Amino acid sequence: MDKESAYTLLNKSGLRKTSGRVAILNCLIKEQKPLTQQEIAEKLTDVNLNEVSIYRALEAFDKAGIIHRVEGLDKVWRFAVSYHPLSGNCHPHFICTECGRVECLTDLEVPKLTPKNYTHKIKSREMILKGYCEECT
Ligand SMILES: [Zn+2]
Ligand SMILES: [Zn+2]
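Criteria and cut-off values
- Residues numbered from 1 in each chain as written.
- Chains lettered and ligands numbered in written order.
- Predicted model: local features only at pLDDT ≥ 70, side-chain atom pairs only at ≥ 80, totals over all residues.
- Heavy atoms only, no water.
- Donors = N, O, S within 2.8 Å, 3.2 Å for Na, K, Ca; no water.
- Tetrahedral: all angles 85-135°; square planar, octahedral: opposite > 155°, others 65-115°.
- Buried < 20%, exposed > 50% of the residue type's maximum accessible area, 1.4 Å probe, protein only.
- Pairing = 2+ DSSP bridges.
- Helix = DSSP H or I, 4+ residues; strand = E, 2+ residues; numbered from the N terminus.
- Expected span 1.5 Å × (residues − 1).
- Contact = heavy atoms within 4.5 Å.
- Axes fitted to C-alpha atoms, helices over the stretch in contact; angles between N-to-C directions.

Account for the coordination of the zinc ion (ligand 1), naming residues and giving values.
Protein-derived ligands of the zinc ion (ligand 1) are Cys-96 (SG), Cys-99 (SG), Cys-133 (SG) and Cys-136 (SG), with the metal-ligand distances lying across 2.2 to 2.3 Å. Because the angles between the four donor atoms bound to the zinc ion (ligand 1) fall within 106 to 116°, the donor set is best described as tetrahedral. Read in sequence order, the donor residues for the zinc ion (ligand 1) give the motif C-x2-C-x33-C-x2-C. For Cys-99, a relative accessible area of 46% translates into the label partly exposed.

Here is the structure:
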């Protein structure tokens, strides 16, 4: 099941399906929350991937729209799977100001705010909700 999803996402993106890329993607699918590159590396110790290959894979996934990134309070990027690449990164994210935990709020949508009197072309929208997570309240 997980493997299929990783394959499906890679197929959609048109990226090469190397075992390393499948492993990284499977890890993100399994965790279902945004992970830092370091957290991904720690979970993939049985796969022979160095920092650079993980970084490059994440860059490629992000560019292809199958994952998205969120910056944590520590200014470190977290990566999470995007199941609906066409709609882009349209869900808000939650950040716990106490423990720094980052979550995708996939049941919510970022409202479409289009500036009327500007010629700017909006390509992505981000929304961060901050507060205390379950464990920190
Ligand atoms: Zn917390
Ligand atoms: Zn997200």
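Can you lay out the pairing of strand β2 (residues 67-71) for me, pointing to particular residues and giving the numbers?
With five bridges connecting them, β2 and strand β3 (residues 77-81) associate as antiparallel partners. What sits directly across from Glu-71, in β3, is Trp-77.

Which residues make up helix α2 (residues 19-31), and what values do they have?
Because an α-helix completes one turn every 3.6 residues, residues spaced three or four positions apart along the sequence face the same direction. A rise of 1.5 Å per residue sets the reference length of α2, with its 13 residues, at 18 Å; its end C-alpha atoms lie 18 Å apart and thus fit the reference within 8%. Burial of α2 is extensive: ten of the 13 residues sit out of reach of the surface. Buried residues of α2: Gly-20, Arg-21, Val-22, Ala-23, Ile-24, Leu-25, Asn-26, Cys-27, Leu-28 and Ile-29, and no others. Within two residues after α2, Gln-32 carries a phi angle of roughly 55°, on the positive side.

So, the sheet that holds β2: which residues are in play, and what are the values?
Reading across the sheet, the three strands line up as β1-β3-β2 and stay open at both edges, with antiparallel pairing between neighbours. Unpaired on one side and paired on the other, β1 (35-36) and β2 mark the two borders of the sheet. Packing of α2 onto the sheet brings it into contact with β1, β2 and β3, and relative to β3 it is tilted by some 85°. In the packing of helix α4 (residues 51-64) onto the sheet, the strands contacted are β2 and β3, and the crossing angle to β2 comes to about 110°.

Go over the sheet that holds strand β4 (residues 93-96) with me, naming the residues and quoting the values.
An order of β5-β4-β6 is seen for the three strands of this open sheet, with the pairing classed as mixed. Strands at the two margins of the open sheet, each flanked by one partner only, are β5 (102-104) and β6 (128-131). Sheet twist, expressed as the average angle between the axes of neighbouring strands with direction ignored, equals 25°. Pairing between β4 and β6: four bridges, direction parallel. Across the sheet, His-93 pairs through a bridge with Ile-128, a residue of β6.

Purely spatial values, then, with no claim about function.
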